[in-house]
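# Descriptive analysis of the structure
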Amino acid sequence: MNDRETRRVLTLEDLTYLAERARALETYAVRPWGRDRIWASVLAAQMEAKTRAEREAAAEARGALQILDAIERHFVVK
């Protein structure tokens with residue numbers, strides 16, 4: 001059996017579900033999954049953040065997106 005046959009796979013719908021469940025992304029529209037659009041929203045929030053709490057929330061959202069990017073790269077079949 002090769003690696004491709006034994007590797008678990010996810011769909012973009014699965015990735016959308018994971019993003020919807022991430023508390024750090026609650027304030028962002030993640031449906032339908034649009035990696036570039038969501039990143040743009042998070043980075044805009046980071047640039048517009050005025051308080052420490054807003055900056056921390058944007059940093060958490062960036063971290064969540066980095067994890068979702070890794071999941072997408074390794075497990076999502078398009």
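In case you missed it, the structure is sitting above this.
Definitions and cut-offs
- Residues numbered from 1 in each chain as written.
- Predicted model: local features only at pLDDT ≥ 70, side-chain atom pairs only at ≥ 80, totals over all residues.
- Heavy atoms only, no water.
- Buried < 20%, exposed > 50% of the residue type's maximum accessible area, 1.4 Å probe, protein only.
- Helix = DSSP H or I, 4+ residues; strand = E, 2+ residues; numbered from the N terminus.
- Arc of directions from axis to C-beta.
- Contact = heavy atoms within 4.5 Å.
- Expected span 1.5 Å × (residues − 1).
- Axes fitted to C-alpha atoms, helices over the stretch in contact; angles between N-to-C directions.
- Parallel < 35°, antiparallel > 145°, perpendicular 65-115°, else oblique.
- Left-handed = near helix turned anticlockwise from the far one by under 90°.
- Nonpolar A, V, L, I, M, F, W, Y, C, P; charged D, E, K, R; others polar.

## As for helix α2 (residues 12-21)
Within the span of α2, buried status applies to L15, T16 and A19. All buried residues of α2 project into a common sector of 100 degrees when viewed along the axis, lining one side. Along α2, the residues that are exposed and aim more than 90 degrees away from the buried face are E13 and R21. Lining the buried residues of α2 we find α4 (52-75).

## Here's the deal with the environment of I67
Within the secondary structure, I67 is located in helix α4. Overall, the relative accessible area of 54% leaves I67 in the exposed class. C-alpha separation for the pair I67 and A19, spaced 48 residues apart in sequence, amounts to 10.0 Å.

## Brief notes about α4
When the terminal C-alpha atoms of α4 are compared, their 34 Å separation across 24 residues agrees well with the 34 Å that a helix rising 1.5 Å per residue should span. Among all positions in α4, only A58, A61, A64, L65, L68, D69 and E72 are buried. Residues of α4 that are buried make contact with α2 and α3 (35-48).

## A look at the side chain of D69
Tracing the backbone shows D69 in helix α4. Using a relative accessible area of 8% as the deciding quantity, one classes D69 as buried. Non-local contacts of D69, meaning those with residues more than four positions away in its chain, are made with R35 and W39.

## Considering the packing of α3 against α4
Contact geometry of α3 with α4 gives a least axis separation of 8 Å together with a crossing angle of 160 degrees. Between α3 and α4, the angle is such that the two are roughly antiparallel. Relative to α4, the crossing made by α3 is left-handed. On α4, the residues that touch R35, I38, W39, V42, L43, A45, Q46 and E48 of α3 are E54, R55, A58, A59, A61, R62, L65, Q66, D69 and E72. The residue inventory of the contact of α3 with α4, partitioned by class, reads nine nonpolar, two polar and seven charged.

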